[in-house]
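Here are the chains, one letter per residue:
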Amino acid sequence: MTKRVAVTGSSGLIGGALRRALAERGDDVVRLVRHAPSAPDEVEWDPSRGRLEEGALDGVDAVVNLAGVGIGDRRWNAEHKREVERSRTDATGTVAQALVAHRDRTGETIRLVNASAVGYYGDRGEEHLPETSTPGQDFLSGVVVRWEAATGPAVEAGLPVALARTGLVMAHEGGAFEQVVLLGRLGLGGPMASGREWWPWITLVDEVRAILHLVDHPELTGPFNLVAPGSARQREIASAIGSALSRPAFVPAPHFALRAVIGEFADYVVASQRVEPEALLASGFSFEHPDLESAVRWLVKR
């Protein structure tokens, strides 16, 4: 059946791809935007003030909340770190409270798929990390814990909430792998730091498919790791990209050099997270790109 799905963050990498996928399968998309509406599918909201007009979610079957400023968009400072957290908790809290108010007003239950991140787990070395794992202790772990907690009003009201803990998204343009592929084309795509770190990756195709899977199955609640089952170390990913591009991939990028270029965020670029999609696989989801070879082949294809 055709669905009506509200999407925040619809102009971002994942949001844009999700919006196109929803439209392609015949669903109606409502875009929650922070400016005066300029198209029929847009509805204005102001998460910094907790404002979403009553009736904005009428007829909506699900909300996919992807709002939040880019973590690696610029060099970190105290203000940017505050905005990284504030933009996520404000948006999530506003959506959660609006869903509860809508249910109280109309009696209708709306599904929430809320963005989250594998940053929840922190730098964990060789440890296997399914959804039941405990959170880490670093800055990003704390951000994600509070981000997920902002769904509390909806969860406590008994609404169906899924947390999409996304890994590093492989995409042709944008996302974590854009610069990795660019360096690979230049023959500079070697390992970062030791290269032994586990990188939890997923292609944009499977990221969108997984979100649609969660939208379509409101009985699935709680956290879901949106990462491919084909775990790989960072040096293996660099080597696979280099091989697919017929370029060398052995020039290392030491941790200290990365920190000099991008600052504190470098510590998270070289973190090791052996994240596993146990809950997603158990729910019956199948990946289009389950292994590194098929993913990289798709990634470098023009």
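Definitions and cut-offs
- Residues numbered from 1 in each chain as written.
- Predicted model: local features only at pLDDT ≥ 70, side-chain atom pairs only at ≥ 80, totals over all residues.
- Heavy atoms only, no water.
- Pairing = 2+ DSSP bridges.
- Helix = DSSP H or I, 4+ residues; strand = E, 2+ residues; numbered from the N terminus.
- Contact = heavy atoms within 4.5 Å.
- Axes fitted to C-alpha atoms, helices over the stretch in contact; angles between N-to-C directions.
- pLDDT = per-residue confidence, 0-100.
- Salt bridge = Lys/Arg side-chain N within 4 Å of Asp/Glu carboxyl O.
- Buried < 20%, exposed > 50% of the residue type's maximum accessible area, 1.4 Å probe, protein only.
- Phe/Tyr/Trp six-rings, centres within 6.5 Å; stacked < 30°, edge-to-face > 60°.
- Lys NZ or Arg CZ within 6 Å of the ring centre and 35° of its normal.
- Parallel < 35°, antiparallel > 145°, perpendicular 65-115°, else oblique.
- Left-handed = near helix turned anticlockwise from the far one by under 90°.
- Nonpolar A, V, L, I, M, F, W, Y, C, P; charged D, E, K, R; others polar.
- Right-handed = clockwise from strand over helix to strand, strands pointing away.
- Core = buried A, V, L, I, M, F, W, Y, C linked by side-chain atoms within 4.5 Å.

### Brief notes about the sheet that holds strand β4 (residues 51-52)
Turning to step 1, where the next piece is worked out: The eight strands lie next to each other as β4-β3-β2-β1-β5-β6-β8-β12, forming an open sheet whose pairing is mixed. A single partner strand is all that each edge strand has here, and the edge strands are β4 and β12 (222-226).
Turning to step 2, where the next piece is worked out: Pairing analysis gives three bridges linking strand β2 (residues 28-33) to strand β3 (residues 42-46), with the strands arranged parallel. What sits directly across from V33, in β3, is E44.
Turning to step 3, where the next piece is worked out: Running at roughly 175 degrees to strand β6 (residues 111-117), helix α3 (residues 139-149) makes contact with β6 and β8 (161-166) of the sheet.

### Quick look at the confidence of the model for the protein chain
Turning to step 1, where the next piece is worked out: Scored by pLDDT, the protein chain comes out at a mean of 90, with 91% of its residues at no less than 70.
Turning to step 2, where the next piece is worked out: Ignoring residues within four places in sequence, the model shows residues 255-262, a span with pLDDT below 50, making 17 contacts including any to other chains.

### Quick look at the environment of P153
Turning to step 1, where the next piece is worked out: Note on placement: P153 falls in helix α4 (residues 152-156).
Turning to step 2, where the next piece is worked out: As a C-alpha pair, P153 and A101 span 52 residues in sequence and 10.0 Å in three-dimensional space.
Turning to step 3, where the next piece is worked out: Those residues in contact with P153 that sit more than four places away from it in its chain are A96, Q97 and V100.

### Structural notes on the pattern of salt bridges
Turning to step 1, where the next piece is worked out: The final tally for this structure, using the stated rule, is 19 salt bridges.
Turning to step 2, where the next piece is worked out: Between R146 and E85 there is a salt bridge whose closest N-O contact spans 2.6 Å. Residue R146 is located in helix α3, and its partner E85 is located in helix α2 (residues 78-106); the two are separated by 61 residues in the primary sequence.
Turning to step 3, where the next piece is worked out: E85 sits in the buried class, given a relative accessible area of 19%.
Turning to step 4, where the next piece is worked out: A salt bridge links E293 to R297, with the nearest nitrogen and oxygen atoms 3.5 Å apart. Of this pair, E293 and R297 both sit in helix α11 (residues 292-300), four residues apart, which is roughly one turn of the helix.
Turning to step 5, where the next piece is worked out: Because the salt bridges share partners, they merge into one network encompassing K3, R25, D27 and D216.

### Quick word on the packing of aromatic side chains
Turning to step 1, where the next piece is worked out: One pass over the full model with this rule turns up two aromatic pairs.
Turning to step 2, where the next piece is worked out: With 5.1 Å between their ring centres and 80 degrees between their planes, Y120 and Y121 make a pair best called edge-to-face. Here Y120 matches Y121 in class, with each residue buried.
Turning to step 3, where the next piece is worked out: For the ring pair F285 and F287, a centre distance of 5.0 Å and an interplane angle of 85 degrees mean the geometry is edge-to-face. In terms of burial, F285 and F287 fall into one category: buried.
Turning to step 4, where the next piece is worked out: A cation over an aromatic ring shows up here: K81 above the ring of F139, its NZ or CZ 4.7 Å from the ring centre.

### Observations regarding unusual backbone geometry
Turning to step 1, where the next piece is worked out: With a phi close to 55 degrees, S246 is a non-glycine residue in the positive phi region.
Turning to step 2, where the next piece is worked out: The topology assignment puts S246 in the loop between α7 (234-244) and α8 (255-262).
Turning to step 3, where the next piece is worked out: Residue S246 is classed as exposed on the basis of its relative accessible area, which comes to 62%.

### Some points on the packing of α2 against α3
Turning to step 1, where the next piece is worked out: Relative to each other, α2 and α3 sit at 15 degrees, their axes nearing to 9 Å. Comparing their axes, α3 and α2 come out roughly parallel. By crossing handedness, the relation of α2 to α3 is classed as right-handed. Between α2, through K81, V84, E85, R88, T89 and T92, and α3, the contact on the second element is made entirely by F139, V143, R146 and W147.
Turning to step 2, where the next piece is worked out: Here the residues of the contact of α2 with α3 sort into four nonpolar, two polar and four charged.

### A word on the pairing of strand β1 (residues 4-8)
Turning to step 1, where the next piece is worked out: The buried count for β1 comes to four of five residues, which makes it a mostly enclosed element.
Turning to step 2, where the next piece is worked out: Two strands pair when backbone bridges link them, and β1 and β2 are joined in this way by five bridges, in the parallel orientation. Bridging across to β2, A6 finds its partner in V30.
Turning to step 3, where the next piece is worked out: The parallel pair β1 and β2 is bridged by helix α1 (residues 13-24), and the resulting crossover is right-handed.
Turning to step 4, where the next piece is worked out: Bridge analysis of β1 against strand β5 (residues 62-65) gives four bridges, and the strand direction is parallel. Across the sheet, residue A6 finds its bridge partner in β5, namely V63.

### Things to note about the nonpolar core
Turning to step 1, where the next piece is worked out: The biggest cluster of nonpolar side chains holds 61 residues, and the ones touching the most others in it are L18, M170, F177, W201, I211, L226 and I241.
Turning to step 2, where the next piece is worked out: Among the elements that make up this core, the one with the highest residue count is helix α6 (residues 204-216) (seven residues).
Turning to step 3, where the next piece is worked out: Aside from chain neighbours lying at most four places away, what touches I211 is I14, L18, V64, L66, V113 and L226.

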